[in-house]
Amino acid sequence: MTMTCFIRYEIDPFGKAAFEQYAKAWGQAIPRCGADLIGYYALHEGSATTAYAAYNIDSLAAYEAYRARLAADPAGKANYEFARREKFILKEDRIFLKLVSGPHGPRQLFQPAVKEEA
């Protein structure tokens, strides 16, 4: 059963650029270490202190093995150290959820109504 790990970050409002650098650095390391990265999300509009990340993992056992590989990965180590040194992450909450609404139908493309000329 695949699970999705959602991470909610509280970040320093002046650390947005550092968080974006941190997020981009995970783009190769997370998949290489065994998780399916959905993405990192930072402020577009609204709270300047909230950011999110999401990735899929096969099980809690797979998650534990993945975390060990990520901690040992050179890029992972460097990114963890970057976050520790720069202190832009103030709080991090993690939750594991399973998809219960699938399968979904395809997204429909809507065309604006065209008035016929008389």
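In the block above lies the structure referred to throughout.
About the cut-offs
- Residues numbered from 1 in each chain as written.
- Predicted model: local features only at pLDDT ≥ 70, side-chain atom pairs only at ≥ 80, totals over all residues.
- Heavy atoms only, no water.
- Helix = DSSP H or I, 4+ residues; strand = E, 2+ residues; numbered from the N terminus.
- Rg over C-alpha atoms; globule rule 2.2 N^0.38 Å.
- Buried < 20%, exposed > 50% of the residue type's maximum accessible area, 1.4 Å probe, protein only.
- Contact = heavy atoms within 4.5 Å.
- Areas by Shrake-Rupley, 256 points an atom, 1.4 Å probe, with all protein chains shown as cover.
- Lys, Arg positive; Asp, Glu negative; His and termini not counted.
- Charge placed at Lys NZ, Arg CZ, Asp CG, Glu CD.
- Pairing = 2+ DSSP bridges.
- Axes fitted to C-alpha atoms, helices over the stretch in contact; angles between N-to-C directions.

From N to C terminus, the protein chain includes three helices and four strands. Each helix and strand of the protein chain, placed in order from N terminus to C terminus, yields the pattern β-α-β-β-α-α-β. A compact globule built from 118 residues would reach a C-alpha radius of gyration of about 13 Å, whereas the protein chain, at 19 Å, exceeds it by more than 25%. Dimensions of the protein chain, computed from C-alpha atoms along their principal axes, come out at roughly 70 × 40 × 20 Å. For the protein chain, buried positions account for 29% of its 118 residues. Partitioning the contacts of the protein chain with sequence separation of at least 6, the portion at a separation of at least 24 is 69%. Carbon and sulfur atoms make up 56% of the accessible area of the protein chain, which totals about 8,500 Å². For the protein chain, the centre of its 15 positive side-chain charges and the centre of its 14 negative side-chain charges are spaced 5 Å apart.

For the rest of this paragraph, the subject is the sheet that holds strand S1 (residues 3–11). An order of S2-S3-S1-S4 is seen for the four strands of this open sheet, with the pairing classed as antiparallel. Each edge of the open sheet carries a strand with a single partner, namely strand S2 (36–41) and strand S4 (89–97). Averaged over all neighbouring strand pairs, the angle between strand axes comes to 15°, with direction disregarded. The sheet contact formed by S1 and strand S3 (residues 50–57) spans eight bridges and is antiparallel. Within the sheet, the bridge partner assigned to Glu 10 lies in S3 and is Thr 50. Sitting on the sheet, helix H1 (residues 16–33) is in contact with S1, S2, S3 and S4, with an inclination near 175° to S2.

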